[in-house]
Amino acid sequence: MTIYQKQSITIAVVGDVHEQWEDADNDALESLKVDLVLFVGDFGNESVPIVRTISQLSLPKAVIMGNHDAWYTASAWGRKKCPYRRPSEDWLRDQLDILGDLHVGYSKLDFPQFNLSVVGSRPYSWGGPEWKNKQFLVDRYQVSGFQDSTEKIMSVVQETNEKNIIFLGHNGPAGLGKKPEDICGKDWQPIGGDHGDPDFAQAIAQSYDLGKKIPLVTFGHMHHRLRHTRSRLRTKVVSNEQGTIYLNAACVPRVIEENGEKLRNFSLVSLENDTVTQISSVWVNHRGAIATEDSLYKQPLLSSIR
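(A) View of the overall build of the protein chain. Check the secondary structure of the protein chain and you find seven helices and 13 strands. For the protein chain, whose C-alpha radius of gyration is 19 Å, the value lies close to the compact-globule estimate of 19 Å for 306 residues. Its C-alpha atoms give the protein chain principal-axis dimensions of about 65 × 50 × 50 Å. Here the protein chain holds 306 residues, and the buried ones make up 55% of them. Intrachain contacts of the protein chain at a sequence separation of at least 6 include 68% that bridge at least 24 residues.

(B) Representation of the pairing of strand 2 (residues 36-39) within the structure. A two-sided burial pattern is seen for strand 2, the buried positions comprising Leu36 and Leu38 on one face and Val37 and Phe39 on the other. Pairing between strand 1 (residues 8-14) and strand 2: four bridges, direction parallel. Residue pairing for strand 2: valine 13 is matched across the bridge by leucine 38. In this fold, the crossover linking strand 1 to strand 2 by way of helix 1 (residues 23-32) has right-handed handedness. Following the backbone out of strand 2, through helix 2 (residues 48-55) and into the adjacent parallel strand 3 (residues 61-63), one traces a crossover that is right-handed.

(C) Fine view of the environment of arginine 79. Mapped onto the elements of the fold, arginine 79 is located in helix 3 (residues 76-80). For the pair arginine 79 and valine 276, spaced 197 residues apart in the sequence, the C-alpha separation amounts to 41 Å. In this structure, arginine 79 is in contact with Tyr72, Thr73, Ala74 and Arg86, ignoring residues within four places of it in sequence.

(D) Quick peek at the pattern of salt bridges. With the rule as written, the count across this model stands at nine salt bridges. Of the charged contacts, one joins aspartate 199 and arginine 122 as a salt bridge, the two residues approaching to 2.7 Å between their closest N and O atoms. Residue aspartate 199 is found in helix 7 (residues 198-209), and its partner arginine 122 is found in the loop between strand 5 (116-120) and helix 5 (134-141); the two are separated by 77 residues along the sequence. Note on accessibility: aspartate 199 and arginine 122 belong to one class, buried. Here arginine 234 ties to aspartate 187 by a salt bridge, and the two come within 3.4 Å at their closest N and O atoms. One end of the pair, arginine 234, is in the loop between strand 7 (213-219) and strand 8 (237-239); the other, aspartate 187, is in the loop between strand 6 (164-168) and helix 7, and 47 residues separate them in sequence. For aspartate 187, a relative accessible area of 4% corresponds to the buried category. Through salt bridges with shared partners, one network takes in Glu22, Asp25, Arg254, Lys262 and Arg264.

Rules behind the numbers
Residues numbered from 1 in each chain as written. Predicted model: local features only at pLDDT ≥ 70, side-chain atom pairs only at ≥ 80, totals over all residues. Heavy atoms only, no water. Helix = DSSP H or I, 4+ residues; strand = E, 2+ residues; numbered from the N terminus. Rg over C-alpha atoms; globule rule 2.2 N^0.38 Å. Buried < 20%, exposed > 50% of the residue type's maximum accessible area, 1.4 Å probe, protein only. Contact = heavy atoms within 4.5 Å. Pairing = 2+ DSSP bridges. Right-handed = clockwise from strand over helix to strand, strands pointing away. Salt bridge = Lys/Arg side-chain N within 4 Å of Asp/Glu carboxyl O.

The analysis is restricted to geometry; functional conclusions fall outside its scope.
Right, dumping it as structure tokens:
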């Protein structure tokens, strides 16, 4: 069967939700008429109702879980704070059951109609060079370190049906800067350092070696508002020599109120002929219209060859 492939699509990337999602957010995305929605996780502290509402969005979508989505499960201190009764209740399991194949952590979804596959990096990431929640990751995914994790991501990449890959992470990859304002820079004491995921970075590099094209890598976790200063925001978009665009979509809070009206944040990515041409951060009002728009990236014009 021949599948019609759209050459120009709009992708909405939803940054860290942190309990700020309701039916009106689904309606806003429908009004924007986007083609694909990518969620970077942190829906809440194992927030089953939020995940259920997101699952009801009718648009094509993919999801990766963040560190807050296993808040009461992944670590010993989190389990001590658990507000529900185990083993009769398991909110992490409930979230995963609701999402099913939509969760691409260490997995993928092929979208042949868009000529791309979405591949998820390590789910539940806290970021940084330290391997955290060791037993949790062994029990869930049989990975015991960064090398195992890279290999697991790459096993998924090798199974993708499309040449073009969009990588979806909760935290971004290492190698994108060490300044606190950098896209994955550490903005708490001691200030500075690369807080990206080393396994994610290695998987991206190895995917290039396989001949995959990666137009977009998107993630959240490292909030735009910096902890150490209010004089500027975090860098949101960077690119590399391979033409890959890296987008940090973690606008937190993603719902604000102005003049008594709620505004909802989304990052809109335009993809034309498998290349990112522009990215904007938009605030959408209750009518589903864009109230304000901030341009984050535009594809540079090719200079004339002399």
